[in-house]
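The residues making up each chain are set out below.
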Amino acid sequence: MKKKQKLRKALAEGKEIPTELQDEVDRLSKQIQLEDETSQKLQSIVDDEYANCGIEDPTVFITTSRNPSSRLAQFAKEIRLVIPNAQRMNRGGHTISEIIATCKAKGVTDVVVLHETRGQPDGLIISHLPFGPTAFFGLSNCVLRHDIDNVAPLSLAYPHLIFHNISTKLGERTSNIL
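Scoring rules and cut-offs
Residues numbered from 1 in each chain as written. Predicted model: local features only at pLDDT ≥ 70, side-chain atom pairs only at ≥ 80, totals over all residues. Heavy atoms only, no water. Helix = DSSP H or I, 4+ residues; strand = E, 2+ residues; numbered from the N terminus. Buried < 20%, exposed > 50% of the residue type's maximum accessible area, 1.4 Å probe, protein only. Contact = heavy atoms within 4.5 Å. Pairing = 2+ DSSP bridges. Salt bridge = Lys/Arg side-chain N within 4 Å of Asp/Glu carboxyl O. Core = buried A, V, L, I, M, F, W, Y, C linked by side-chain atoms within 4.5 Å. Patch = residues over 30% accessible without salt bridge, like charges linked within 9 Å, V, L, I, M, F, W, Y side chains within 5 Å. Areas by Shrake-Rupley, 256 points an atom, 1.4 Å probe, with all protein chains shown as cover.

### A closer look at the overall build of the protein
And step 1. Along its length, the protein carries 6 helices and 5 strands.
And step 2. When the elements of the protein are put in sequence order from the N terminus, they spell out α-α-α-β-α-β-α-β-β-β-α.
And step 3. When the 178 residues of the protein are sorted by exposure, 27% land in the buried category.
And step 4. Across the protein, every contact between residues at least 6 apart in sequence was considered, and the portion connecting residues at least 24 apart equals 58%.

In structure tokens, the structure reads:
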């Protein structure tokens with residue numbers, strides 16, 4: 001970003017191009033030509049896909065593999081209870097592209113795809129519609145509610161996610177996705 005600003009300034013003032021930029025002049029000038037007014041500004045961590053975050057409630061669609069094991073189906077039910085405004089559907093014979101097209105047409109904001117290996121839930125893909133981002137979260141040692149003895153009834157209150165001390169760009173991006 002600073003290199004492009006230096007090159008822009010030198011070109012605008014009609015001065016000689018700085019020596020540290022002479023090897024990269026062609027690449028930087030092509031990038032400058034492709035930029036418009038909005039892409040020239042330094043962008044923040046919050047992108048346009050989350051502009052309506054907090055204004056409208058998200059609609060989340062949860063699905064699994066074509067033929068999920070009973071543990072994955074149970075896990076999908078539990079995830080549906082944890083995520084507000086979520087709908088769950090067994091994928092059956094539908095392809096992911098068909099599901100995404102249908103979700104876009106119905107106004108669904110996010111799609112969650114659950115994965116398993118040998119009957120154990122081991123992956124969670126969250127994709128924001130219509131254009132992303134998409135994040136994969138690996139799961140390990142999943143314990144389902146029905147595996148725990150004497151578990152209390154599930155509260156229907158919306159969950160509160162706590163993201164204290166997550167100050168890196170990756171951490172901020174992950175908290176935005178969730």
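Having seen the structure, we can now continue with the description.
### What about the pairing of strand β5 (residues 134-138)?
And step 1. Where strand β4 (residues 120-128) and β5 come together, 5 bridges link them in antiparallel fashion. Across the sheet, the residue bridging to Gly 123 is Gly 138, located in β5.
And step 2. If you look at the hairpin formed by β4 and β5, you'll find 5 residues sitting between the two strands, and Gly 132 has a positive phi there, around 105°.

### Let's talk about the pattern of salt bridges
And step 1. For the structure shown, the criterion picks out 4 salt bridges.
And step 2. The partner of Glu 20 in a salt bridge is Lys 6, and the shortest N-O contact between them spans 3.5 Å. In this pair, Glu 20 sits in the loop between α1 (2-13) and α2 (25-34) while Lys 6 sits in helix α1, placing the two residues 14 residues apart along the sequence.
And step 3. Owing to a relative accessible area of 43%, Lys 6 belongs among the partly exposed residues under this scheme.
And step 4. Of the charged contacts in the structure, one is a salt bridge between Glu 13 and Lys 15, with a shortest N-O distance of 3.2 Å.
And step 5. On the accessibility criterion, Lys 15 (56% relative accessible area) is exposed.

### Structural notes on the pairing of strand β1 (residues 60-63)
And step 1. Covered by surrounding structure in β1 are Val 60 and Ile 62 together with Phe 61 and Thr 63, the residues of both alternating faces.
And step 2. Here 4 bridges tie β1 to strand β2 (residues 86-89), and the two strands are oriented parallel to one another. If you follow Thr 63 over to β2, its bridge partner there is Met 89.
And step 3. Strand direction decides the pairing type here: β1 and strand β3 (residues 110-117), joined by 4 bridges, are parallel. If you follow Thr 63 over to β3, its bridge partner there is Val 113.

### Here's the deal with the nonpolar core
As a rule of thumb, nonpolar side chains are buried together in soluble globular proteins.
And step 1. Within the largest apolar cluster, 15 residues are counted, with the highest numbers of intra-cluster contacts made by Ile 62, Phe 75, Val 112 and Leu 114.
And step 2. For this core, the secondary structure elements donating two or more residues are β1, α4 (70-82), β3 and β4.
And step 3. Broken down by element, the residue count for this core peaks at 4 residues, all from α4.
And step 4. Counting 7 residues, the second-largest nonpolar core is a separate cluster that includes Cys 103, Val 111, Val 113 and Leu 129.

### Thoughts on the side chain of Thr 63
And step 1. Checked against the element boundaries, Thr 63 lands in strand β1.
And step 2. Apart from the residues lying within four places of it in its own chain, the contact partners of Thr 63 are Met 89, Asn 90, Arg 91, Ile 99, Val 112, Val 113 and Leu 114.

### Looking at a nonpolar patch on the surface
And step 1. On the surface, Leu 161, Phe 163, Ile 166 and Leu 178 cluster together to form a nonpolar patch covering roughly 350 Å² of accessible area.
And step 2. Assignment of secondary structure puts Leu 178 in the segment after α6 (169-177).
And step 3. The exposure class of Leu 178 is partly exposed, given its relative accessible area of 48%.

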